[in-house]
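Take a look at the letters that make up each chain.
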Amino acid sequence: MSVPTAALESSICAPLPVLGQDVTVPLVTGGEVTYAALDYAASAPALQRVWDDVAAYAPYYGSVHRGAGYLSQLSTDLFENSRRTVAEFLGCRADDQVVFTRSTTDSLNLLAAAIPADCQVFVYETEHHASLLPWRDAQVTYLNAPRTPAQAVESLERALADRDPYGPALVCVTGASNVTGELWPVKELAAAAHAHGARIVLDAAQLAPHHPVDIAELDVDWVAFSGHKLYAPFGSGVLAGRADWLQAAEPYLAGGGASRKVARRADGGVDVDWHTTAARHEAGSPNVIGVYSIASACKALTEAGFEGLVAREQELVGRVREGLAEVPEVQVLSLFGDDAPRVGVISFVVRGWNSSHFAAALSAEYGIGVRDGLFCAHPLVRTLLGSDPQDPGECGAPEAEPGERSLNAIRVSFGAGTPDEHIDRFLRAVSELVREGARWNYRTEDGRCVPDRGAAAQI
């Protein structure tokens, strides 16, 4: 997959309005500054459009599907129309199902519970833990990190050709890395999977907010993504794609909504007739607000013009990479090399700095929010850092003190709502911290590097 040429040549969109653009935060050095949210890969801010749509609907909120009242009927229509909106956004095929879940993690765990008992799963070690870990009851083959897109396809083809016994198989792959932002060759991997009788699920958590995703065009069997990364942070997600394995599986959750008919048997037991639609895996009262927010975000991105949004983001990616390249102490992490197409997710380390210390200084001294750690992709980050698999380090809990080397990295991520000033401030801050050092002292507290209150650094 690559960034469309047409997108780069189209008119660049202005940043989309998001919540929190005017929020100010205190600096340890004194005063306040507008917060620069550059942690989109974890959770993107809500689009103003999404917030307005949800606020307009909120007074009409009601339980869906089984209520006779006006608000229930309205909410049911809203819920099912949202399903159709998401299907259109993803380019779903006529017989695909859209199942609403809590998140990408929930979606992939749902699929893991629905695969045939003898299914073999193939997953790269480069995946986010949401894609790497759900397959606990399956025979799993973990593929080594490829160093080129072609190598990714070749290693998958070899693994699929060598599988024994030859039965149902599933490939799980990311669309865009949550560590490097690099785009994976999804269409080529799908072709390789299908040529060897396997199916493929696309983890689009980092792809869908930054790049159009079309199930039919990519020829993938399923797509999973989260609302909170798609500018709709209200606790909902999506699993969309082929219906047969989902219809054949036991409901992901047993309860009301998933059951069509329940009756007592003469022997005292219970017979259940489960739905065969998406409702089969949506037991309980669904998150109507979360579902509607995803549909609202899908509409907002489509109406804004995805090509223009991609073009602007690519301009920001270029500026960040060029700015970081001017600081010799900065090493940007990459699997596929400098020329690989990528979304607005960039991870790096700084020579002579503990990554947690650097991220803390960006926040405390410049009002910039980034992320440090292993980004719930431990094997990938360890590979990129050239570390031993047994080296210490874990997500969100660096063990090194400020100034000591740590087994983690710094991630800056941005998207449709990022102002130019946030990028400019970030690049200036990186340069100043590397050149001049932190202006404050820091200490480790509960596994996090934090400012030592009242202890300015002696510069």
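Parameters and conventions
- Residues numbered from 1 in each chain as written.
- Predicted model: local features only at pLDDT ≥ 70, side-chain atom pairs only at ≥ 80, totals over all residues.
- Heavy atoms only, no water.
- Helix = DSSP H or I, 4+ residues; strand = E, 2+ residues; numbered from the N terminus.
- Buried < 20%, exposed > 50% of the residue type's maximum accessible area, 1.4 Å probe, protein only.
- Contact = heavy atoms within 4.5 Å.
- Areas by Shrake-Rupley, 256 points an atom, 1.4 Å probe, with all protein chains shown as cover.
- Lys, Arg positive; Asp, Glu negative; His and termini not counted.
- Charge placed at Lys NZ, Arg CZ, Asp CG, Glu CD.
- Pairing = 2+ DSSP bridges.
- Phe/Tyr/Trp six-rings, centres within 6.5 Å; stacked < 30°, edge-to-face > 60°.
- Lys NZ or Arg CZ within 6 Å of the ring centre and 35° of its normal.
- Salt bridge = Lys/Arg side-chain N within 4 Å of Asp/Glu carboxyl O.
- Axes fitted to C-alpha atoms, helices over the stretch in contact; angles between N-to-C directions.
- Left-handed = near helix turned anticlockwise from the far one by under 90°.
- Nonpolar A, V, L, I, M, F, W, Y, C, P; charged D, E, K, R; others polar.
- Expected span 1.5 Å × (residues − 1).
- Arc of directions from axis to C-beta.
- Core = buried A, V, L, I, M, F, W, Y, C linked by side-chain atoms within 4.5 Å.
- Disulfide = S-S within 2.5 Å.

It is worth spelling out the overall build of the protein at this point. When its secondary structure is counted, the protein shows 14 helices and 19 strands. Each principal axis of the C-alpha distribution contributes one length, and for the protein these read about 80 × 55 × 50 Å. The proportion of buried residues among the 459 residues of the protein is 56%. In the protein, once contacts between residues fewer than 6 apart in sequence are set aside, the share between residues at least 24 apart is 71%. On the protein, roughly 19,000 Å² of surface is accessible, and the fraction owed to carbon and sulfur atoms is 50%. Taken as two groups, the 36 positive and 58 negative side-chain charges of the protein have centres that lie 4 Å from each other.

Turning our eyes to something else, we now look at unusual backbone geometry. The amide bond that connects Asp-164 to the next residue, Pro-165, takes the cis arrangement and shows omega of 5 degrees. If you trace the backbone, Pro-165 turns up in the loop between helix H6 (149-161) and strand E7 (169-174). Even without being glycine, Phe-375 reaches a positive phi, approximately 60 degrees. Relative to the helices and strands, Phe-375 is located in the loop between strand E16 (371-373) and helix H13 (378-385). We note that Asp-446 has phi near 55 degrees; this positive angle belongs to a residue other than glycine. In this fold, Asp-446 is placed in the loop between strand E18 (440-445) and strand E19 (448-456).

Attention now goes to the pairing of strand E11 (residues 259-264). Within E11, only 0 of the 6 residues are buried, leaving the element largely exposed. Two strands pair when backbone bridges link them, and E11 and strand E12 (residues 270-274) are joined in this way by 5 bridges, in the antiparallel orientation. Within E12, the residue paired with Ala-263 across the bridge is Asp-271. In this antiparallel pair of consecutive strands, E11 and E12, the connection spans 5 residues, and Gly-268 shows a positive phi of 95 degrees.

Here we take up the environment of Pro-251. Checked against the element boundaries, Pro-251 lands in the loop between helix H9 (244-248) and E11. Along the sequence, Pro-251 and His-228 sit 23 residues apart, while their C-alpha atoms lie 25 Å from each other.

Moving on, we come to the packing of aromatic side chains. For the structure on display, the rule yields 12 aromatic pairs. Site record: aromatic cluster; members linked through ring pairs are Phe-348, Trp-353, Phe-358 and Phe-426. Residue placement shows Arg-163 over the ring face of Tyr-166; its charged tip is 4.0 Å from the ring centre. Above the face of the Tyr-366 ring, Arg-439 is positioned so that its terminal group lies 5.0 Å from the ring centre.

Further remarks concern the pattern of salt bridges. In a structure, side chains of opposite charge can pair up when their charged atoms sit close to one another. Taken as a whole, this structure holds 26 salt bridges when the rule is applied. Across the salt bridge formed by Arg-102 and Asp-106, the nearest N and O atoms sit 3.3 Å from each other. For Arg-102, a relative accessible area of 60% puts it in the exposed group. The class for Asp-106 is buried, based on a relative accessible area of 8%. Among the ionic pairs, Glu-182 bridges to Arg-342, the shortest N-O distance being 3.9 Å. With Glu-182 in the loop between E7 and helix H7 (186-195) and Arg-342 in the loop between strand E13 (330-332) and strand E14 (345-350), the pair connects residues that are 160 residues apart, well separated along the chain. Linked by salt bridges that have partners in common, Arg-199, Asp-221, Arg-242 and Asp-244 make up one network.

Looking now at the packing of helix H12 (residues 355-366) against helix H14 (residues 420-436). Taken N-terminus to C-terminus, the directions of H12 and H14 make an angle of 115 degrees; their axes are 11 Å apart at the nearest point. Considering the relative orientation of H12 and H14, their crossing is right-handed. Every residue of H14 that contacts H12 at Phe-358, Ala-361, Leu-362, Glu-365 and Tyr-366 is listed here: Arg-425, Phe-426, Ala-429, Val-430, Glu-432, Leu-433 and Val-434. Its residues placed into classes, the contact of H12 with H14 shows 9 nonpolar, no polar and 3 charged.

Let us look at the sheet that holds strand E10 (residues 237-241). Taken together, 7 strands build an open sheet; the order of strands is E4-E10-E9-E8-E7-E5-E6 and the sheet is mixed. Whereas interior strands pair on both sides, the edge strands pair on one side only; in this sheet they are strand E4 (97-101) and strand E6 (139-143). Going across the sheet, the axis of each strand differs from the next one's by a mean of 20 degrees, ignoring polarity. In this sheet, E10 lies alongside strand E9 (residues 222-226) in antiparallel orientation, the contact comprising 5 bridges. Across the sheet, the residue bridging to Ser-226 is Gly-237, located in E10.

Once that is clear, we can look at H6. With 13 residues, H6 ought to run about 18 Å at 1.5 Å a step, and its terminal C-alpha atoms sit 19 Å apart, in line with that. By the burial criterion, the buried members of H6 are Ala-152, Val-153, Ser-155, Leu-156, Ala-159 and Leu-160. The buried side chains of H6 occupy one side of the element, clustering within an arc of 165 degrees when seen end-on. Here the buried face of H6 lies against strand E5 (120-124), E6, E7 and H7.

Here we take up the nonpolar core. Grouped together as the largest cluster of nonpolar side chains are 86 residues, with contacts concentrated most on Leu-90 and Phe-225. When residues in this core are grouped by element, the largest group, 9 residues, is from helix H10 (residues 288-304). Core analysis: the next-biggest nonpolar cluster, separate from the first, contains 36 residues, Leu-38, Ile-346, Val-370 and Ala-429 among them.

Per the counting criterion, the structure on display carries 0 disulfides. Lacking any disulfide linkage, Cys-13 is separated from the closest cysteine sulfur, that of Cys-298, by 16 Å. Residue Cys-13 is classed as buried on the basis of its relative accessible area, which comes to 16%. There is no disulfide at Cys-172, and the cysteine sulfur nearest it, in Cys-119, is 11 Å away. Accessibility expressed as a relative area gives 0% for Cys-172, which makes it buried.

What follows covers helix H2 (residues 48-57). Along H2, the residues classified as buried are Val-50, Asp-53, Val-54 and Tyr-57. Projection of H2 onto a plane perpendicular to its axis shows the buried side chains occupying an angular sector of 95 degrees, all on one side. As for H2, its buried residues are in contact with helix H3 (70-89) and H10.

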